[in-house]
Amino acid sequence: MGNALTFLYGKCCKPTTTDESLAPHSVSASTVGVSALAHDLFNFENTYQVPQGLGRYVQSSRKAQAKWYRKILEAWKQAKPPPQTAEEATRLVIETLEKNQKADVEGLLSFYGLPLPHTLVEHSAEAPVSLPEGILYEFQTLPVDPKAVADGDTITVYVSISEPVVASSVPKEVNLAAVQRAKAREQRNYPKADEFHQKIIDSGYRVLNIRNEEVLARKFRIRLKGIDAPESQMPFGKESQQGLLKIVQWKSLKVLVYGEDQYGRCLGDLYCNGIFVQEEMLKKGLAWHYIACDKRTVLAKWEKEARHKRIGLWASSNPEKPWDWRKNNRRE
């Protein structure tokens, strides 16, 4: 079996007893369709059989379906790296089966729960080389824990104290507690080590294990500038939160900070592997352009694209604006 397929099958499809939150490569809601497709390609390579039930989604014969799987299998093997996200798998299928009927391609994608072609986002905004006007500072985060994504426009991140923006402002008591914690752990006095770690946490820092190395990091709460996502209690609130989670989980982010809001959160632009996160959220219909707080016309343009496609929250004819919902549900 090809190395690419072996890799994905082993990483995504192998059953695991590990807590998903601790295993970024295990099957999750965002990778289950990719895992299922990789499993069926693996099975096809060994049995030449296409999955049962596919016929309910496509019009072509099983002989034609077998040709699709043969083509996709070869494309998957040649992909470096192989698809690991739902969007990447969809793009590979579309490119491989570009000469096939649209209904069959969309049926195949629907069978695996993969994004349909019209929902894919073409990215245009790359991370700037120099700081744009209005930016106070920037930093690179450590990988984002999925539990840190509160909703579709707010996340909690940690930044290593080796980052310039943090390095010069670490309190002496935090550095001292980190040293004392390390010594207590060397002596296997774990209750004492936990006491020192709690002091660190209470000061807005934490010691994280990153690739088997302990890193002292500062906590930041980030409010994505220029967008407003549905609140968690609102219709589409969960979908918006999950959409942001799929983009940032276990990824290191570049954050450009404009300032703070009234809640002490950093107002910032987020970039993930070169992708402008606000652009992704708007184009997928996962958030509104928050025009009252950000007049950038490109944000309005991206929201309009999603409205036109009627994707995400725009599948509803008249979705409630989150700022209106907050006003109507504000406690007296």
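Predicted model, so just to flag it, every value in this text is computed and none were measured.

## A few points about helix H5 (residues 102-111)
And step 1. For H5, the set of buried residues is Asp104, Val105, Gly107, Leu108 and Leu109.
And step 2. Buried positions along H5 lie against helix H3 (62-78) and helix H4 (86-96).
And step 3. At the C-terminal side of H5, Gly113 shows a positive phi close to 70 degrees.

## A look at helix H8 (residues 190-202)
And step 1. A rise of 1.5 Å per residue sets the reference length of H8, with its 13 residues, at 18 Å; its end C-alpha atoms lie 18 Å apart and thus fit the reference within 8%.
And step 2. Turning to H8, its buried residues number three or more, namely Ala193, Phe196, His197 and Ile200. Projected down its long axis, H8 carries its buried residues within an arc of 100 degrees, all on one side. Set apart from the buried face of H8 by more than 90 degrees, the exposed residues are Pro191, Asp194, Lys199 and Asp202.
And step 3. Contacts from the buried residues of H8 go to helix H7 (172-186), strand E3 (205-210) and strand E4 (213-224).
And step 4. At the C-terminal side of H8, Gly204 shows a positive phi close to 90 degrees.

## Concerning the nonpolar core
And step 1. In terms of nonpolar packing, the biggest core is built from 42 residues, with Ile222 and Leu253 touching the most fellow members.
And step 2. The element contributing the most residues to this core is strand E6 (residues 253-260), with 5 residues.
And step 3. Judged by nonpolar contacts, the second largest core, of 25 residues, contains Val34, Leu41, Ala89 and Leu114.

## Observations concerning the pattern of salt bridges
And step 1. Counting across every chain of the model gives 18 salt bridges.
And step 2. Lys254 serves as the salt-bridge partner of Glu138, at 3.6 Å between the closest nitrogen and oxygen. One end of the pair, Glu138, is in strand E1 (residues 137-140); the other, Lys254, is in strand E6, with 116 residues separating them in the sequence.
And step 3. Here Glu214 ties to Arg185 by a salt bridge, and the two come within 3.7 Å at their closest N and O atoms. Placement of the pair is Glu214 in strand E4 and Arg185 in helix H7, with a sequence separation of 29 residues.
And step 4. Connected through salt bridges with shared partners, the residues Asp153, Arg223, Asp228, Glu231 and Arg326 form a single ionic network.

## Re a positive patch on the surface
And step 1. Together, Lys63, Lys67, Arg70, Lys71 and Lys99 make up a region of like positive charge exposed at the surface.
And step 2. In this fold, Lys99 is placed in the loop between H4 and H5.

## Observations regarding the pairing of E6
And step 1. Burial of E6 is extensive: 7 of the 8 residues sit out of reach of the surface.
And step 2. Note that E6 and strand E7 (residues 266-272) share 7 bridges and pair antiparallel. Pairing of Leu256 across the sheet is with Asp269, part of E7.
And step 3. What sits between the antiparallel neighbours E6 and E7 is a turn of 5 residues, in which Gly264 has the positive phi angle 80 degrees.

## Digging into unusual backbone geometry
And step 1. At the junction of Lys80 and Pro81, the peptide bond is cis and its omega measures out at 0 degrees in the coordinates.
And step 2. Here Pro81 shows up in the loop between H3 and H4.
And step 3. Within the chain, Arg211 stands out as a residue other than glycine whose phi angle is a positive 50 degrees.
And step 4. Take Arg211: it is sitting in the loop between E3 and E4.

## So, the packing of aromatic side chains
And step 1. A full pass over the atoms with the stated rule returns 11 aromatic pairs.
And step 2. Put simply, the rings of Trp288, Tyr290, Trp314 and Trp323 touch in pairs and so form one group of aromatic residues.
And step 3. Seen from the ring of Tyr258, Lys225 lies directly overhead, with NZ or CZ sitting 4.6 Å from the centre.

## Structural notes on the packing of H4 against H5
And step 1. Axis separation between H4 and H5 bottoms out at 10 Å; the angle between their running directions is 155 degrees. Overall, the two elements H4 and H5 adopt an arrangement that is roughly antiparallel. The way H4 lies across H5 gives a crossing that is right-handed. Contacts between H4 and H5 involve Thr90, Val93 and Ile94 on the former and, on the latter, Val105, Leu108 and Leu109.
And step 2. Of the residues that constitute the contact of H4 with H5, the class distribution is 5 nonpolar, 1 polar and no charged.

## Notes on the packing of helix H2 (residues 32-47) against H3
And step 1. Orientation of H2 relative to H3, taken along the N-to-C sense of each, is 105 degrees, at an axis distance of 10 Å. When the axis of H2 is compared with that of H3, the two are roughly perpendicular. Contacts between H2 and H3 involve Val34, Leu37, Ala38, Asp40, Leu41, Phe44 and Glu45 on the former and, on the latter, Ala66, Tyr69, Arg70, Ile72, Leu73, Trp76 and Lys77.
And step 2. Split into classes, the residues belonging to the contact of H2 with H3 amount to 10 nonpolar, no polar and 4 charged.

## Thoughts on the confidence of the model for the chain
And step 1. Chain-level pLDDT for the chain is 88 on average; 89% of the residues reach the 70-or-more range.
And step 2. Low confidence marks residues 1-9, where pLDDT is under 50. Its contacts with residues over four positions away, or in another chain, come to 27 contacts.
And step 3. The low-confidence segment residues 11-27, where pLDDT is below 50, has 24 contacts with residues more than four positions distant or belonging to other chains.

Reading guide: rules and limits
- Residue positions are counted from 1 within each chain, in the order its sequence is given.
- Only residues with pLDDT of at least 70 are given local features in this predicted model, and only at 80 or more are side-chain atom pairs given and counted; all residues enter the totals for whole chains, interfaces and linings.
- Side-chain metrics in this entry use all non-hydrogen atoms of the structure; hydrogen atoms and water are not considered.
- We call a residue buried when its accessible area falls under 20% of the maximum for its residue type, exposed when it is over 50%, and partly exposed in between, using a 1.4 Å probe and counting protein chains only.
- The secondary structure listing takes helices from DSSP runs of H or I that are at least 4 residues long and strands from runs of E that are at least 2 residues long, numbered from the N terminus.
- When checking whether two residues touch, look at their non-hydrogen atoms; a contact exists if any pair is within 4.5 Å.
- Each helix should span, by expectation, one fewer than its residue count multiplied by 1.5 Å.
- By construction, the arc corresponds to the directions joining the helix axis to the C-beta atoms.
- Residues enter a nonpolar core if they are buried and are Ala, Val, Leu, Ile, Met, Phe, Trp, Tyr or Cys, with the set joined through side-chain atoms within 4.5 Å.
- Criterion for a salt bridge: a side-chain nitrogen of Lys or Arg within 4 Å of a carboxyl oxygen of Asp or Glu.
- The residues that make up patches have over 30% relative accessible area and no salt bridge, and they are joined within 9 Å when like-charged or within 5 Å when they are Val, Leu, Ile, Met, Phe, Trp or Tyr.
- Exposure was quantified through the Shrake-Rupley algorithm and a 1.4 Å probe, taking into account, for residues, occlusion by the shown protein chains and nothing else.
- This count recognises Lys and Arg as positive and Asp and Glu as negative, with His and chain-terminal groups excluded.
- In this description, the location of a charge corresponds to atom NZ of lysine, CZ of arginine, CG of aspartate or CD of glutamate.
- Note on pairing: two strands pair once DSSP finds at least 2 bridges between them.
- Classification of ring pairs rests on two measures: the distance between centres of Phe, Tyr or Trp rings, Trp counted by its six-membered ring, which must be within 6.5 Å, and the angle between planes, read as stacked under 30 degrees, edge-to-face over 60 and tilted in between.
- Working rule: Lys NZ or Arg CZ, within 6 Å of ring centre, within 35 degrees of ring normal, means a charge sits over the ring.
- For helices, the fitted axis covers only the stretch in contact; all axes are lines through C-alpha atoms, and the angles between them, taken along N-to-C directions, range from 0 to 180 degrees.
- Note that the term roughly parallel is reserved for angles under 35 degrees, roughly antiparallel for angles over 145, roughly perpendicular for angles of 65 to 115, and oblique for everything else.
- Helix crossings get a hand from a simple test, with the near helix turned counterclockwise from the far one by less than a right angle marking a left-handed crossing and a clockwise turn marking a right-handed one.
- Just so you know the grouping, Ala, Val, Leu, Ile, Met, Phe, Trp, Tyr, Cys and Pro go in nonpolar, Asp, Glu, Lys and Arg go in charged, and all remaining residues, Gly too, go in polar.
- You can read pLDDT as the predictor saying how much it trusts each residue, on a scale of 0 to 100.

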